Amino acid sequence: MNADNRSSFFYTYGLYMAWIVSIAATAGSLYLSEVMHFTPCRWCWFQRIFMYPQVVLLGMAAYRGDRRMASYVLPLAIIGGCISAWHYAEQKVPGLYKMVPCTDGVPCNEDYLDWFGIITIPLMALVAFILIAGNLWLTNRAYKREEVLEAAEE
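Predicted model only: the values in this text are computed from it and were never measured.

Asks: Any chance you could explain the overall build of the protein chain here in plain terms?
Replies: For the protein chain, the helix and strand inventory stands at 5 helices and 0 strands. Walking the protein chain from its N terminus toward its C terminus, one meets helices and strands in the order α-α-α-α-α. Counting only contacts in the protein chain whose residues sit at least 6 apart along the sequence, the fraction spanning at least 24 positions is 72%.

Asks: Looking at this structure, how should I read the nonpolar core?
Replies: General note: in soluble globular proteins, nonpolar side chains tend to be found buried as a group. Counting residues in each nonpolar core, the largest one holds 24 residues, and the members touching the most others are Leu15, Leu58, Phe129, Ile132 and Leu136. Leave out the neighbours within four places in its chain, and phenylalanine 129 touches Gln47, Phe50, Met51, Gln54, Leu76, Ala77, Gly80, Gly81 and Ser84.

Asks: Is there a simple way to think about a nonpolar patch on the surface in this case?
Replies: Residues Phe9, Tyr13 and Tyr16 make up a contiguous nonpolar surface patch of roughly 290 Å² in combined accessible area. Positionally, tyrosine 16 belongs in helix 1 (residues 3-35).

Asks: Sorry, what's going on with the packing of aromatic side chains here?
Replies: For any two aromatic rings, the description comes down to two numbers: the centre-to-centre distance and the angle of the planes. Scanning the model with the defined rule gives 1 aromatic pair in all. On the numbers, 5.7 Å between centres and 50 degrees between planes, the contact of tryptophan 43 with phenylalanine 46 is tilted. Note that tryptophan 43 and phenylalanine 46 are positioned in helix 2 (residues 42-64) at a spacing of 3 residues, about one turn of the helix. Assessed through its relative accessible area of 17%, tryptophan 43 is described here as buried. Above the plane of the ring of tryptophan 43 lies arginine 42, whose end atom (NZ or CZ) is 5.0 Å from the centre.

Asks: I'm lost on helix 2 in this one. Help?
Replies: The periodicity of an α-helix, 3.6 residues per turn, causes residues three or four positions apart to be oriented the same way. Its 23 residues place the ends of helix 2 34 Å apart at the C-alpha level, agreeing with the 33 Å of an ideal helix rising 1.5 Å per residue. Along its length, helix 2 shows its largest kink, about 25 degrees, at glutamine 54. Of all the positions in helix 2, only Trp43, Cys44, Gln47, Arg48, Phe50, Met51, Gln54, Leu58, Gly59, Ala61 and Ala62 are classed as buried. Directly beyond the C-terminal end of helix 2, a positive phi value near 70 degrees is found at glycine 65.

Asks: Explain the environment of phenylalanine 9 here, please?
Replies: Looking at where phenylalanine 9 falls in the secondary structure, it is placed in helix 1. Judged by relative accessible area, which is 32%, phenylalanine 9 ranks as partly exposed. Along the sequence, phenylalanine 9 and leucine 138 sit 129 residues apart, while their C-alpha atoms lie 9.5 Å from each other. Those residues in contact with phenylalanine 9 that sit more than four places away from it in its chain are Gly14 and Met17.

Asks: Honestly, the confidence of the model for the protein chain in this entry has me stumped. Any pointers?
Replies: Any segment with low pLDDT has predicted coordinates that should not be analysed in fine detail. Chain-level pLDDT for the protein chain is 80 on average; 73% of the residues reach the 70-or-more range. No element of the protein chain has a lower mean pLDDT than helix 4 (residues 94-99), at 66, and none a higher one than helix 2, at 90.

Asks: So what exactly am I meant to see when it comes to the environment of cysteine 41 here?
Replies: Among the secondary structure elements, cysteine 41 is positioned in the loop between helix 1 and helix 2. A residue is classified by how much of its surface remains accessible, and cysteine 41, at 5% relative accessible area, is buried.

Asks: Is there a simple way to think about the environment of methionine 69 in this case?
Replies: Locating methionine 69 in the fold gives a position in the loop between helix 2 and helix 3 (70-92). As for methionine 69 and leucine 15, which are separated by 54 residues in sequence, their C-alpha atoms are 9.0 Å apart. Discounting residues that sit within four places of it in the chain, methionine 69 has contacts with Leu57 and Ala61.

Procedures and definitions
- Note on numbering: residues in each chain are counted from 1, in written sequence order.
- Residues qualify for local features only when their pLDDT is at least 70, as the model is predicted, and side-chain atom pairs are given and counted only at 80 or more; totals for whole chains, interfaces and linings, by contrast, use all residues.
- Side-chain metrics rest on all non-hydrogen atoms present in the structure, leaving aside hydrogens and water.
- Runs of H or I in DSSP of at least four residues are treated as helices and runs of E of at least two as strands, each being numbered from the N terminus.
- Whether two residues are in contact is decided by their heavy atoms: any pair within 4.5 Å suffices.
- We define a nonpolar core as any set of buried Ala, Val, Leu, Ile, Met, Phe, Trp, Tyr and Cys residues linked to one another through side-chain atoms lying within 4.5 Å.
- Only protein chains enter the accessibility calculation, which uses a 1.4 Å probe; a residue is then buried when its area is under 20% of its type maximum, exposed when over 50%, and partly exposed in between.
- Exposure above 30% relative accessible area and the lack of any salt bridge qualify a residue for a patch; like charges then connect within 9 Å, and the nonpolar side chains Val, Leu, Ile, Met, Phe, Trp and Tyr within 5 Å.
- To be clear on the numbers: accessible area is Shrake-Rupley with a 1.4 Å probe, and residue cover counts the displayed protein chains and nothing else.
- Should a side-chain nitrogen of Lys or Arg be within 4 Å of a carboxyl oxygen of Asp or Glu, the pair is scored as a salt bridge.
- Pairs were defined over the aromatic rings of Phe, Tyr and Trp, the Trp ring being its six-membered one, requiring ring centres within 6.5 Å. Orientation was assigned from the angle between planes: stacked under 30 degrees, edge-to-face over 60, tilted for the rest.
- Our definition puts a charge over a ring when NZ of Lys or CZ of Arg is within 6 Å of the ring centre and also within 35 degrees of the ring normal.
- Expected helix span is given by 1.5 Å per residue-to-residue step, counting one fewer step than there are residues.
- One axis fitted to the seven residues ending at a residue, another fitted to the seven starting there: the angle between these axes is the bend at that residue.
- Each residue carries a pLDDT score, the predictor's own confidence in it, on a scale running from 0 to 100.

This is the structure we're talking about:
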């Protein structure tokens, strides 16, 4: 697959792929809290604050074909990813939790899920944010490339 095909692929499907990832992440977080009864900690709530609006924004952008929306939603994914990375580090590095401990509700370093000693809820959220950010970055890049090609044709 050459660069033109990749560019065309993300120009066409990048928003849809990012939207699907945001739906899966939102559905997963709601499943864990509402069905499995895992109480979200403070950092989990911040991650949700940055993930949930992306379902609506990316859905609208994909439906309308508004590729400019990628540059508006990308900061949500980047900030949410940074929060997820910090939360994951707080779970895996005991000294970090002692720096800023959760004082209300569930401790932020508690692992509800710990598959293979690596995969936890914050890591899954981090992967989702990375996938969304990557799709949006590639979509934005393909959009700008298409604009340059259209301007060159004129």
